[in-house]
Amino acid sequence: MSSSGGGSSSKPRSASFQPSETSSKRKRGVFQKELQHMMYGFGDDPNPLPESVALMEDIVVEYVTELVHKAQDIGSQRGKLSVEDFLYLIRKDLPKLNRCTELLSMNEELKQARKVFESDEDKLRKVFEVDEPVE
């Protein structure tokens, strides 16, 4: 018993991966080391095949490029691109949304800590400048 439909999918599938126009124009191997580490972290071999890493890079770059283009379309309605445009696009993918909000809050905490550290450093510098005798 075989069905002629073979499953309904919104995107046509092909037997082989065909890189998009943007992936053929860009510099390859930029994220090679990072992707190798990520692939290992998710259970792959410590030294995955270069073809696997290249395929992953193509997929990731294509995903990010599409996400940025969609965010630009949303942001162009207001006249500027913002973080909220990206959060809006991933709102239905709760793990991604939660991770992004977590990273954004950590980034804000780091900014505040740097600001406090720099102001304390400036205060200390002023104290030492006053205490040193001028010759």
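Going by the structure above, here's the rest.
What comes next is a walk through the structure. (Residues numbered from 1 in each chain as written. Predicted model: local features only at pLDDT ≥ 70, side-chain atom pairs only at ≥ 80, totals over all residues. Heavy atoms only, no water.)

### Overview of the overall build of the chain
Then, number 1: Each helix and strand in the chain was counted, giving 5 helices and 0 strands.
Then, number 2: Across the chain, helices and strands are ordered from the amino to the carboxyl terminus as α-α-α-α-α.
Then, number 3: Within the chain, the proportion of its 135 residues that are buried is 13%.
Then, number 4: For the chain, long-range pairs separated by at least 24 residues make up 32% of all intrachain contacts whose partners lie at least 6 apart in sequence.
Then, number 5: Per element, the accessible surface of the chain, about 11800 Å² overall, is 58% carbon and sulfur. (Helix = DSSP H or I, 4+ residues; strand = E, 2+ residues; numbered from the N terminus. Buried < 20%, exposed > 50% of the residue type's maximum accessible area, 1.4 Å probe, protein only. Contact = heavy atoms within 4.5 Å. Areas by Shrake-Rupley, 256 points an atom, 1.4 Å probe, with all protein chains shown as cover.)

### A word on the pattern of salt bridges
Then, number 1: The final tally for this structure, using the stated rule, is 6 salt bridges.
Then, number 2: For E102, the salt bridge identified is with R99, shortest N-O distance 3.5 Å. Taken together, the residues E102 and R99, both in helix α5 (residues 94-131) and 3 residues apart, mark about one turn of the helix.
Then, number 3: Judged by relative accessible area, which is 39%, E102 ranks as partly exposed.
Then, number 4: A relative accessible area of 42% places R99 in the partly exposed class. (Salt bridge = Lys/Arg side-chain N within 4 Å of Asp/Glu carboxyl O.)

### Focus on a nonpolar patch on the surface
Then, number 1: Together, L55, M56, I59, V60, Y63 and V64 line one region of the surface with nonpolar side chains, adding up to about 460 Å² of accessible area.
Then, number 2: For V64, the position within the fold is in helix α3 (residues 50-78). (Patch = residues over 30% accessible without salt bridge, like charges linked within 9 Å, V, L, I, M, F, W, Y side chains within 5 Å.)

### Focus on the environment of I90
Then, number 1: Within the fold, I90 resides in the loop between α4 (83-89) and α5.
Then, number 2: Residues I90 and C100, 10 residues apart in the sequence, show an inter-C-alpha distance of 9.3 Å.
Then, number 3: Among residues more than four places away in sequence, those in contact with I90 are Y63, L67, K96, L97 and C100.

### Re helix α2 (residues 32-41)
Then, number 1: Restricting attention to buried positions, one finds in α2 the residues L35, Q36 and M39. Angular distribution of buried residues about the axis of α2 spans 105 degrees; they occupy a single face of the element. Residues of α2 that are exposed and angled more than 90 degrees away from the buried face: K33, H37 and G41.
Then, number 2: Buried residues in α2 make contact with α3.
Then, number 3: In the stretch just after α2, G43 is the one whose phi turns positive, near 105 degrees. (Arc of directions from axis to C-beta.)

### Section: the packing of aromatic side chains
Then, number 1: Under the defined criterion, the tally for this structure stands at 0 aromatic pairs.
Then, number 2: A cation over an aromatic ring shows up here: R91 above the ring of Y88, its NZ or CZ 4.0 Å from the ring centre. (Phe/Tyr/Trp six-rings, centres within 6.5 Å; stacked < 30°, edge-to-face > 60°. Lys NZ or Arg CZ within 6 Å of the ring centre and 35° of its normal.)

### Side note on α3
Then, number 1: Along its 29 residues, α3 runs 42 Å from first to last C-alpha, staying within 8% of the 42 Å computed at 1.5 Å per residue.
Then, number 2: Regarding α3, the residues found buried are V53, E57, D58, V61, L67, A71 and G75.
Then, number 3: Once α3 ends, the next one or two residues include G79, with phi positive near 100 degrees. (Expected span 1.5 Å × (residues − 1).)

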